[in-house]
Amino acid sequence: MRILILGGTGEAVELARRLTPVHAVIYSLAGKGKIPDLTCAVRVGGFGGGDGLAAFLRANHIELLIDATHPFAAQISHNAVHAADAAAVPLWAYQRPAWSPEPGDDWRRVADWSEIITALAGFKRPFFTIGLEPLRHDAEIPLDQYWLVRCLAAQPLVSPRLTLLCATGPFKREHEVALMRDYRIDVLVAKNSGGRAVEAKLIAARQLGVEVVMLERPILPVVERTFDEIRSLAAELS
Ligand code: NAP
């Protein structure tokens, strides 16, 4: 079968590796991160919206589209629904299970940036692990706060009132505990990505009694079949 995987996550890479021996797989990346080491065909860059993706499906005679993108990459998931419909190609999705609070956790769930800022009132030293968004608001850092921001790629330093760390997971619990202690973090701001690779910060926050402001996931479109395990998705195609 000719399969297009919309990727950009570790699980998508795993899926491509499992399907490649049996199917003609094309693995697609937006182009923001590293290109994984795969033996299937790999393409990089946007398609030009849902219509562009539909055209790609037709031109490459794709028989199954699999959306294995990150749960916060909502635009491409909506484009996939549009394209699959337009090109009459079945669409399956892998959706990584979300995190849930465990005993000892103190979470405040928020939906967007303004709710994050409201939830942070009263805290002094937040640690942001939600990508680049805090850097767009560096001029709005409250006078009683100092921010620690971790993101994937180096960015120009924007404000003397924040520290910017560039690092890629996975991170170990001991590393996260030491980091939060060193920076005297009193609240962790995370997005509900789910998965093991960056979960250690939640375990560290639990250990240190640090509260968590959790950005909830965008609502993703409903697709024909949804899997929460790569293994079971791959088994359907074996
Ligand atoms: P997004 O907002 O949903 O998509 C923005 C645009 O990027 C899409 O409209 C599409 O461009 C292009 N695009 C996204 N994923 C693509 C893919 N797999 N192949 C080809 N084009 C793609 O996505 P995002 O949040 O910027 O994330 C970009 C990529 O990084 C995704 O593949 C995602 O899996 C990965 N990622 C995202 C996050 C996150 O927190 N958002 C975290 C880890 C990894 P066109 O409209 O031109 O087709």
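Each chain has its residues counted from 1, following the order in which its sequence is written. Side-chain atom pairs in this predicted model are given and counted only at pLDDT of 80 or more, local residue features only at pLDDT of at least 70, and totals for whole chains, interfaces and linings cover all residues. The basis for every side-chain value is the complete set of heavy atoms in the structure, and neither hydrogens nor water enter the calculation.

## A word on the pattern of salt bridges
The rule for a salt bridge is simple: a side-chain nitrogen of Lys or Arg has to be within 4 Å of a carboxyl oxygen of Asp or Glu. Throughout the structure, instances matching the rule amount to 12 salt bridges. As a salt-bridge pair, Glu102 and Arg206 come within 3.5 Å of each other at their nearest N and O atoms. A residue pair is termed long-range when its members are at least 10 positions apart, and Glu102 in the loop between strand 5 (91–94) and strand 6 (107–110) and Arg206 in helix 6 (residues 200–208) qualify at 104 residues. Looking at Glu102, the relative accessible area reads 42%, which means it is partly exposed. A salt bridge links Glu133 to Arg136, with the shortest nitrogen-to-oxygen separation between them at 3.7 Å. Under the scheme applied here, a residue whose accessible area is under 20% of the maximum for its type counts as buried, over 50% as exposed, and between as partly exposed, the area being computed with a 1.4 Å probe on protein chains only. Owing to a relative accessible area of 26%, Glu133 belongs among the partly exposed residues under this scheme. Assessed through its relative accessible area of 57%, Arg136 is described here as exposed. Within this structure, Glu102, Asp105 and Arg206 form a network of salt bridges that share partners. For the purposes of this entry, the term helix denotes a DSSP run of H or I that reaches at least four residues, the term strand denotes a run of E that reaches at least two, and both are numbered from the N terminus.

## A few points about the site of the ligand
Proximity criterion: a residue is near a molecule or strand once any of its heavy atoms comes within 4 Å of it. Not every one of the 22 residues close to the ligand is listed here, only the nearest: Gly7, Ser28, Lys32, Phe47 and Lys191. At 2.5 Å from an oxygen atom of the ligand is found a side-chain nitrogen or oxygen belonging to Lys32. Between Ile76 and the ligand, the recorded distance is 2.9 Å, taken from a backbone N or O atom to an oxygen atom. Per-residue accessibility takes into account occlusion by the displayed protein chains alone, with areas from the Shrake-Rupley method and a 1.4 Å probe. For the ligand, whose unbound accessible area comes to 810 Å², protein coverage reaches 76%. Listing elements by their share of the shell around the ligand, those giving two or more residues are strand 2 (24–29) and helix 3 (74–87). At four residues, the largest contribution of residues to the shell around the ligand is made by helix 3. When residues are sorted by character, Ala, Val, Leu, Ile, Met, Phe, Trp, Tyr, Cys and Pro go into the nonpolar class, Asp, Glu, Lys and Arg into the charged class, and all the rest, Gly among them, into the polar class. Residue composition of the shell around the ligand, grouped by class: eight nonpolar, 11 polar and three charged. As used in this structure description, the phrase polar contact means that two N or O atoms lie within 3.5 Å; if the pair is within protein, one of them must be able to donate a hydrogen and the other to accept it, and residues adjacent in sequence are counted only when both atoms belong to side chains.

## Quick look at the domain arrangement of the protein chain
Start and end points for every domain follow an automatic or database-based domain assignment. Split into domains, the protein chain comes out as domain 1 (2–97 + 219–236) and domain 2 (107–215). One C-alpha centre belongs to domain 1, the other to domain 2, and the line joining them spans 30 Å. Between domain 1 and domain 2 the total buried area reaches about 410 Å² when both faces are included, carbon and sulfur atoms providing 63% of it. Counting across the domain 1 and domain 2 interface gives zero salt bridges. Summed over the shared surface of domain 1 and domain 2, the result is three residue pairs in polar contact (both at pLDDT 80 or more). Residues belonging to the side of domain 1 that touches domain 2 are distributed by class as follows: three nonpolar, one polar and one charged. Put simply, buried area is the surface a 1.4 Å probe can reach on two separate parts but cannot reach once they are joined, added for both.

## Re the pairing of strand 7 (residues 126–129)
Judged by which residues are buried, strand 7 turns out to be covered on both faces: Pro126 and Phe128 on one side and Phe127 and Thr129 on the other are all buried. Here four bridges tie strand 7 to strand 10 (residues 187–191), and the two strands are oriented parallel to one another. When the sheet's bridge partners are listed, Pro126 is paired in strand 10 with Val187. Following DSSP output, two strands are said to pair if at least two bridges run between them. The sheet contact formed by strand 7 and strand 8 (residues 147–151) spans two bridges and is parallel. Note on strand 8: the bridge partner recorded for Phe127 is Leu148.

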